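# Results of the structural survey
Chain by chain, the residues:
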Amino acid sequence: MNRRPTTHPFHRAPRGVLALVALACLAAVGAALVAQHGFAMLPCPWCIFQRVLYLAVALVALCGWLLPQRAATWLASLLVLALALGGIASAVFQHQVAAKDSSCAFTLADRFLSATGLEAAVPWLFQVTATCADAASARVLGLGMEVWSGLLFALIAMTAALLLWLARTRA
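Residues numbered from 1 in each chain as written. Predicted model: local features only at pLDDT ≥ 70, side-chain atom pairs only at ≥ 80, totals over all residues. Heavy atoms only, no water.

Our next topic: the overall build of the protein chain. For the protein chain, the helix and strand inventory stands at nine helices and two strands. Going from N to C terminus, the protein chain has its helices and strands arranged as α-α-α-α-α-α-α-α-β-β-α. Out of the 171 residues in the protein chain, the part that is buried amounts to 39%. With an accessible surface of roughly 9500 Å², the protein chain has 70% of that area assigned to carbon and sulfur atoms. (Helix = DSSP H or I, 4+ residues; strand = E, 2+ residues; numbered from the N terminus. Buried < 20%, exposed > 50% of the residue type's maximum accessible area, 1.4 Å probe, protein only. Areas by Shrake-Rupley, 256 points an atom, 1.4 Å probe, with all protein chains shown as cover.)

Here it is as structure tokens:
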């Protein structure tokens, strides 16, 4: 049977797809910073926690892009998938639970930020300046920022899952 070679970028250049994932994550953090510092859309602990997850995804994806071994691409895709699923969970929690609470104190996101010291180390990027209820009022095209974040994490998760599935079929 004569099969035509697959020509979509996932087959041709999985490392390039990881580079695009990293760029999307960095763009998301950039957009959040513009929203915060340019449009006074102040972040809550869950917003900042998602920024950390985006930066972690970007770092892992860039490592997968830089390392030419197939195993590195596979491992990076697996880690990106896990982090993106965590991002989806945090966005859903923020939307369903935290947005209805006037305080985000003692939540996982708040504890993480306190334990890591990120807020004090890089305040322009990681400083919490709003409660979860206050941050919930921020809207872009009618949707909350956490909804947009969850959708981007879902797209990243689907991309990583597709990379993993295609790596399995190529093996």
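With that settled, consider the packing of aromatic side chains. Enumeration over the complete set of coordinates arrives at four aromatic pairs. Their ring planes at 5° and their centres at 4.0 Å tell us that Tyr54 and Phe153 sit as a pair that is stacked. Highlighted residues: Tyr54 in helix α3 (residues 45-66) and Phe153 in helix α9 (residues 145-170), separated in sequence by 99 residues. One aromatic cluster is present, formed by Trp46, Phe49, Phe93 and Phe112 through successive ring pairs. (Phe/Tyr/Trp six-rings, centres within 6.5 Å; stacked < 30°, edge-to-face > 60°.)

In this structure, the largest pocket spans a volume of roughly 460 Å³. Along the walls of the largest pocket sit 24 residues, with Ala28, Ala31, Ala32, Met145 and Ser149 positioned nearest its centre. Contributions of two or more residues to the lining of the largest pocket are made by α2 (14-39), α3 and α9. The leading source of residues in the lining of the largest pocket is α2, at eight residues. Of the residues that constitute the lining of the largest pocket, the class distribution is 18 nonpolar, four polar and two charged. (1 Å grid on protein atoms, 1.4 Å probe; cavity = no way out; pocket = protein on both sides within 12 Å on 5 of 7 lines; lining within 4 Å. Points joined across faces, edges and corners; volume = space filled by probe spheres on them. Nonpolar A, V, L, I, M, F, W, Y, C, P; charged D, E, K, R; others polar.)

This part takes up a nonpolar patch on the surface. On the surface, Leu20, Leu23, Leu26, Leu62, Trp65, Leu66 and Leu67 cluster together to form a nonpolar patch covering roughly 670 Å² of accessible area. Counting residues per element, the ones that place at least two in the nonpolar patch are α2 and α3. Its place among the elements puts Trp65 in helix α3. (Patch = residues over 30% accessible without salt bridge, like charges linked within 9 Å, V, L, I, M, F, W, Y side chains within 5 Å. Salt bridge = Lys/Arg side-chain N within 4 Å of Asp/Glu carboxyl O.)

This paragraph deals with the packing of α3 against helix α4 (residues 70-96). Running from amino to carboxyl end, α3 crosses α4 at an angle of 170°, the nearest separation of the two axes being 9 Å. As summarised for this structure, α3 and α4 are arranged roughly antiparallel, according to the angle between their axes. (Axes fitted to C-alpha atoms, helices over the stretch in contact; angles between N-to-C directions. Parallel < 35°, antiparallel > 145°, perpendicular 65-115°, else oblique.)

With that settled, consider the side chain of Ser90. Along the polypeptide, Ser90 turns up in helix α4. Non-local contacts of Ser90, meaning those with residues more than four positions away in its chain, are made with Trp46, Phe49, Gln50 and Leu53. (Contact = heavy atoms within 4.5 Å.)

Bringing the confidence of the model for the protein chain into the picture now. The share of residues in the protein chain with pLDDT of 70 or more is 84%, and the mean pLDDT across the chain is 84. Ranking the helices and strands of the protein chain by mean pLDDT puts α3 first, with 94, and helix α1 (residues 9-12) last, with 52. (pLDDT = per-residue confidence, 0-100.)

Before going further, it helps to examine the environment of Ser114. Assignment of secondary structure puts Ser114 in helix α5 (residues 108-116). The exposed category is assigned to Ser114, whose relative accessible area is 57%. Taking C-alpha positions, Ser114 is 10.0 Å from Pro45, a pair spaced 69 residues apart along the chain.

Looking now at the state of the cysteines. On inspection of all chains with the given rule, the structure shows zero disulfides. Considering cysteine sulfurs only, Cys47 is the nearest to Cys44, which forms no disulfide, with 3.5 Å between them. A relative accessible area of 0% places Cys44 in the buried class. (Disulfide = S-S within 2.5 Å.)

This paragraph deals with the nonpolar core. In terms of nonpolar packing, the biggest core is built from 35 residues, with Val21, Cys25, Tyr54, Val80 and Ile156 touching the most fellow members. Those elements that place two or more of their residues in this core are α2, α3, α4, α5, α7 (123-126) and α9. Broken down by element, the residue count for this core peaks at eleven residues, all from α3. When neighbours within four sequence positions are excluded, Val80 is seen to be in contact with Val21, Val57, Val60, Ala61, Ile156 and Ala160. (Core = buried A, V, L, I, M, F, W, Y, C linked by side-chain atoms within 4.5 Å.)

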